[in-house]
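# Examining the three-dimensional arrangement
Chain by chain, the residues run as shown.
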Amino acid sequence: MGKNIQAIRGMNDILPDETPRWQFVEETVYRLLARYGYSEIRMPIVEKTELFKRSIGAVTDIVEKEMYTFEDRNGDSLTLRPEGTAGCVRAAIQNGLLHNQTQKLWYKGPMFRHERPQKGRYRQFHQFGVEVFGFTGPDVDAEMILMTVRLWRELGLADAVKLQVNSLGSSEARAAYRERLVVYFEQNSQDLDEDSKRRLYSNPLRILDSKNPDMAELIAAAPKLTEHLDEESRVHFDELLSILDQIGIEYEINPCLVRGLDYYGKTVFEWVTDRLGAQGTVCAGGRFDGLVEQLGGKPTPAVGYAMGIERLVALLEEIEVPLDRYRPHAYLVVAGGVEARVALAVAERLRSAVPALRLEMHCGGGSFKSQFKKADKSGARLALVLGEEEAANGTVTVKFLREDVEQKTLSLDEIGEFLADGVEHS
């Protein structure tokens, strides 16, 4: 026999006992975005490498070390997308979505980065992304944050995450701040780790985002970008904070929050948790007002965010959010010599009578005892027993698997009404 083929390291299978949490996240996000008036866009997984070099930044870790880049048969350099914003902007420009109009868009799918796999950080990972084009004011920034506040409530995660905000100002303000930051870190170069020394002249703002505890004191004493903002950015940020204060949204201003992508400016924010170890960011975003023009479009204000589905799923598992809605309501046990065609007909009749019913029917035969074990393992509340007597009389016996309630035998019409009532209140 040949050697078993294994999945690529850091690219994981999502198994049946895991998918209910994924479905819960995905369905909750779908419903929420529709309620806020956002439209879905679907982009290719592969883009021209130049798209990411021009948008993310040539000296970022993503472009320098993490992208999956290859030449196709025509000699073109292509890359598996490491994030979604650049592709969304490219699609919007190419298809004329930004011509004299505003857009509220969202997308979902896999992203790819070649980095050391660890819990919450994988080489293939999945994100929801939300991007808005054509709005300059802080009201849409606030809507982004309020939308995520509602999402955490509906996922049951409101107590597990905290909001951090900052402003990166204009590109001119960041350039002046960058010079002050380089001078400061040059004066303290003996305290920089190797990664920070590498970033000192290429991307010094990323030093502020270092997770090295030995540098925490040095970073805390560094000049603060919020103290060097341009007037327009300061007013924008103050108005955003005023909106959050008036609505009662709790937040922390984190002057070291800089984000890892070059296209961000003005508002940036992250939702963080202390329940997932080092990988504590579950949602992050901000303004990227210059990116559309940078990629060949007309100047267009823009803001967005992305959330990692793997981290949200891990957080749901960590705090044990119940997911009963993905278990069967009932399991049909086929006893005695009842023919499969009879049992299938009964199951289909019940599904037609109660469209929302999640009914799993036992297939493949087996003893009465073994079928009940499978019914119990399925997580269903009820076992519906169809034996020879029930089949002859047009009835079904209902056994309660999770409650101390006496079993009952009902006609097929009665069982439909009974199940409909149970589904409605489940």
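Scope of this entry: the structure provided in the associated data block.

Rules used throughout
- Residues numbered from 1 in each chain as written.
- Predicted model: local features only at pLDDT ≥ 70, side-chain atom pairs only at ≥ 80, totals over all residues.
- Heavy atoms only, no water.
- Core = buried A, V, L, I, M, F, W, Y, C linked by side-chain atoms within 4.5 Å.
- Buried < 20%, exposed > 50% of the residue type's maximum accessible area, 1.4 Å probe, protein only.
- Helix = DSSP H or I, 4+ residues; strand = E, 2+ residues; numbered from the N terminus.
- Contact = heavy atoms within 4.5 Å.
- Pairing = 2+ DSSP bridges.
- Axes fitted to C-alpha atoms, helices over the stretch in contact; angles between N-to-C directions.
- Parallel < 35°, antiparallel > 145°, perpendicular 65-115°, else oblique.
- Left-handed = near helix turned anticlockwise from the far one by under 90°.
- Nonpolar A, V, L, I, M, F, W, Y, C, P; charged D, E, K, R; others polar.
- Patch = residues over 30% accessible without salt bridge, like charges linked within 9 Å, V, L, I, M, F, W, Y side chains within 5 Å.
- Areas by Shrake-Rupley, 256 points an atom, 1.4 Å probe, with all protein chains shown as cover.
- Salt bridge = Lys/Arg side-chain N within 4 Å of Asp/Glu carboxyl O.
- Lys, Arg positive; Asp, Glu negative; His and termini not counted.
- Charge placed at Lys NZ, Arg CZ, Asp CG, Glu CD.

This brings us to the nonpolar core. Membership of the largest hydrophobic core comes to 47 residues, with the highest contact counts inside it found for Val25, Ile145, Trp152, Trp271, Val282 and Tyr305. No other element matches the 9 residues that helix H5 (residues 138-155) contributes to this core. Once you skip the residues sitting within four places of it in the chain, Trp152 turns out to touch Leu157, Ala158, Val161, Trp271, Val282, Cys283 and Leu312. Of all hydrophobic cores here, the second largest spans 46 residues; its members include Met43, Met215, Ala222 and Tyr263.

Attention now moves to the sheet that holds strand S13 (residues 359-361). What the 5 strands build is an open sheet, ordered S13-S12-S14-S15-S16; its pairing is mixed. Whereas interior strands pair on both sides, the edge strands pair on one side only; in this sheet they are S13 and strand S16 (408-411). Ignoring strand direction, the axes of neighbouring strands in this sheet form an average angle of 30°. Here helix H12 (residues 340-353) sits on the sheet in contact with strand S12 (330-334), S13, strand S14 (382-386) and strand S15 (395-400), set at roughly 175° to S13.

Taken N-terminus to C-terminus, the directions of H12 and helix H15 (residues 412-424) make an angle of 45°; their axes are 9 Å apart at the nearest point. With respect to their mutual orientation, H12 and H15 come out oblique. Crossing of H12 against H15: the hand is right-handed. Between H12, through Val346, Arg349 and Leu350, and H15, the contact on the second element is made entirely by Leu412, Asp413, Ile415, Gly416 and Leu419. When the residues that make up the contact of H12 with H15 are grouped by side-chain class, the tally is 5 nonpolar, 1 polar and 2 charged.

Quick look at the environment of Asp413 now. Of note, Asp413 is situated in helix H15. Sequence separation between Asp413 and Asp13 is 400 residues, and the spatial gap between their C-alpha atoms is 42 Å.

This paragraph deals with a negative patch on the surface. A grouping of Asp13, Asp17, Glu18, Glu317, Glu318 and Glu320 is seen on the molecular surface, where their side chains present a negatively charged patch. Note on placement: Asp17 falls in the segment before helix H1 (19-35).

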